[in-house]
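# Structural features, examined
Letter by letter, the chains look like this.
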Amino acid sequence: MNDVRQLDFSYFPGCSLATTAAESNRSMMQAARILGLNLIELEDWNCCGSSSAQTMCKNLSLAMAARNLSLAPAGRPLVAMCPRCLHYLRSAQECLKAEVETREALEEKWRRPITTDLEIIHFMEVLARYGLDRLQANARRSLKGMRYVPYYGCTLFRPPRLAKEKYFQGEMENILGALGAEAVPDALSYRCCGSFLSATDPEIVTPLVQEIIASAAAAKADCLVTACAMCQLNLEMRNTSKAKIPIFHFSEILALALGAEDYEEWFIRHLVDPRPVIRKLSRAA
Amino acid sequence: MSIAQPLRHDVVTPYLEKTGKPGLSLAAEVKEQSGTDLFRCYQCRSCGNGCPFVQAMDYTPNQVLRLVQFGMRREVLSCKTIWICVGCHTCSSQCPMSIDIASVMDTLRLMAVEEGVAIGKPNIIDFHEEVLRSLEKYGRAHKLGIMLGYKRQTGRWLKDLDVGLKMLAKRKLDLIPSRVRDVKEITELFQCYWRESA
């Protein structure tokens with residue numbers, strides 16, 4: 001690792017990774033450190049606005065995302081792990097590019113410039129762009145024998161505004177495949193997890209989650225790997241069937257393969273115990 | 001599913017009030033705000049067939065587009081569908097005419113809030129308001145506070161109690177909120193926010 005140049009990025013954790021999904025944050029930081037990717041947390045960041053601001057008030061939603069952009073230093077890309085945060089940050093940037101007056105009003109309010117050519121990218125994109133050879137060089141544990149369903153969730157490449165830029169489909173398979181894991185293709189990889197309906201109307205979400213889990217069980221997968229922290233939580237929380245398939249954050253599997261040692265601390269925070277999958281892996285090794 | 005009302009255009013539309021310009025139909029208004037051309041819809045129903053949440057909706061997404069095209073403002077702004085939609089964009093990615101249906105839903109929700117119509121799925125707007133209260137106070141979402149506030153509003157204290165306790169035990173719900181230092185910058189932004197007291 002020492003011979004590889006350190007790369008600097010600004011990093012936007014978002015509310016989920018800062019709290020409920022702290023295990024995703026920790027494992028991603030571990031993986032990044034091992035790969036020589038220096039993620040510098042955005043100073044005094046705030047919520048991206050989320051679906052709630054988007055629903056209730058357009059100006060508010062734009063301004064919340066824009067404040068984060070105003071805090072990002074120019075010259076290094078801004079990285080997000082949560083697909084929704086990425087979506088709202090990018091949408092805000094698009095909007096500020098088009099509406100110069102709105103941007104100037106916000107700049108005046110905060111007395112900070114907002115760079116509209118700031119690159120906003122997902123962590124997976126960072127890996128695809130800079131990390132693939134670093135991955136090979138730093139892999140410590142083989143994922144051979146792990147059958148996983150790549151579960152991207154709804155936001156990473158579906159909204160038309162995002163799809164125009166980077167198309168992520170297949171990226172998770174490229175990365176985890178390089179580390180030895182086997183993607184199971186015939187499960188519901190792209191079905192929505194239910195998002196906030198899991199909090200407001202669980203009776204709508206539970207049968208949908210059952211269907212996703214049942215499809216993974218039928219495909220004989222050991223686990224699902226998600227790109228989104230909210231998917232991870234919903235798929236565990238709303239699974240009431242007997243088949244308890246663990247759901248991993250993408251970053252956890254990545255950090256595990258890169259030799260991170262503190263994984264027990266992440267895994268005890270899961271609602272479905274993932275340790276049997278890990279034991280199976282270490283037996284196979 | 002409710003029976004559609006006869007074709008009717010409201011005399012004074014909020015668009016007319018806001019801009020002083022008459023004549024813009026509901027469909028044109030939605031097109032302008034959402035940036036997507038819903039006139040292209042020919043009712044193939046791909047959106048309705050693909051939507052994971054369609055069973056909980058009162059109108060399928062293609063029916064919502066039809067209501068908009070017919071100018072049935074009250075009917076469409078007070079329906080459940082626009083609130084149940086979480087914006088997963090399955091419909092948008094399946095539409096053979098590339099209509100971004102999810103962004104039409106976004107627009108209709110905003111219009112419903114702005115125009116103060118009866119909300120088709122009140123518990124969902126309660127939830128969004130609770131999230132915004134948390135954001136206004138801390139600049140970040142404090143999930144435990146949001147869930148408690150939401151339960152206070154809906155009065156359903158026992159619903160989902162087991163899941164909540166499990167999350168607490170796993171320390172997934174922090175007691176103390178993570179917060180923005182310069183929270184004044186955030187609270188200032190909430191001046192535009194539509195208030196229920198109105």
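Residues numbered from 1 in each chain as written. Chains lettered and ligands numbered in written order. Predicted model: local features only at pLDDT ≥ 70, side-chain atom pairs only at ≥ 80, totals over all residues. Heavy atoms only, no water.

## Side note on the interface of chain A and chain B
Interface size, as often reported, equals the accessible area lost upon joining of the parts. Taken together, the contacts link 55 residues of chain A with 58 residues of chain B. Carbon and sulfur atoms supply 63% of the area buried between chain A and chain B, which totals about 4,900 Å² over both sides. Its largest share of buried area at the contact with chain B, chain A owes to Thr55(A), Met56(A) and Phe196(A), together 14% of the area lost on that side. There are seven salt bridges connecting chain A and chain B. (Contact = heavy atoms within 4.5 Å. Buried area = accessible area lost by both parts, 1.4 Å probe. Salt bridge = Lys/Arg side-chain N within 4 Å of Asp/Glu carboxyl O.)

## Examining the domain arrangement of chain B
Assigned domains of chain B: these are domain 1 (14-115) and domain 2 (122-192). Here domain 1 of chain B and domain 2 of chain B have C-alpha centroids that lie 29 Å from each other. (Domains from an automatic or database assignment.)

## Observations regarding the packing of aromatic side chains
Throughout the structure, instances matching the rule amount to eight aromatic pairs over all chains. Residues Tyr152(A) and Tyr190(A) carry aromatic rings whose centres are separated by 6.3 Å and whose planes lie at 15 degrees to one another, so their mutual orientation is stacked. Here Tyr152(A), found in the loop between β5 (147-151) and α8 (160-163), pairs with Tyr190(A), found in the loop between β6 (182-183) and α10 (197-200); they are 38 residues apart in sequence, far enough to count as distant. A relative accessible area of 0% places Tyr152(A) in the buried class. Under the relative-accessibility criterion, Tyr190(A) is labelled partly exposed at 33%. Judged by centre distance (6.3 Å) and plane angle (20 degrees), the ring pair of Phe196(A) and Phe127(B) falls under stacked. Of this pair, Phe196(A) sits in the loop between β6 and α10 while Phe127(B) sits in helix α9 (residues 122-138), placing the two residues on different chains. (Phe/Tyr/Trp six-rings, centres within 6.5 Å; stacked < 30°, edge-to-face > 60°. Helix = DSSP H or I, 4+ residues; strand = E, 2+ residues; numbered from the N terminus. Buried < 20%, exposed > 50% of the residue type's maximum accessible area, 1.4 Å probe, protein only.)

## A word on the domain arrangement of chain A
Residue and element names in this part refer to chain A. Under the domain assignment used here, chain A contains domain 1 (7-122) and domain 2 (140-284). If you look at the interface, domain 1 gives 25 residues, while domain 2 gives 26 residues. Across the domain 1 to domain 2 interface the summed buried area is about 2,300 Å²; carbon plus sulfur atoms make up 64%. Per-residue buried area on domain 1 facing domain 2 is highest for Glu23, Pro83 and Arg90; these three make up 26% of the total on that side. If you look at where domain 1 meets domain 2, you find one salt bridge. Here glutamate 23 and arginine 269 are joined by a salt bridge, their closest N and O atoms 2.8 Å apart. The leading source of residues in the side of domain 1 that touches domain 2 is helix α2 (residues 22-35), at ten residues. By residue class, the composition of the side of domain 1 that touches domain 2 is ten nonpolar, ten polar and five charged. (Nonpolar A, V, L, I, M, F, W, Y, C, P; charged D, E, K, R; others polar.)

## Here's the deal with the nonpolar core
Counting residues in each nonpolar core, the largest one holds 156 residues, and the members touching the most others are Phe123(A) and Phe250(A). Here the element with the most residues in this core is helix α4 (residues 58-71) of chain A; it accounts for eight residues. Excluding residues within four positions of it along the chain, Phe250(A) makes contact with Met81(A), Phe123(A), Met124(A), Leu127(A), Met172(A), Ile175(A), Leu176(A), Val225(A) and Thr226(A). Among the nonpolar cores identified, the runner-up in size contains seven residues, and Leu233(A), Leu271(A), Leu144(B) and Val163(B) belong to it. (Core = buried A, V, L, I, M, F, W, Y, C linked by side-chain atoms within 4.5 Å.)

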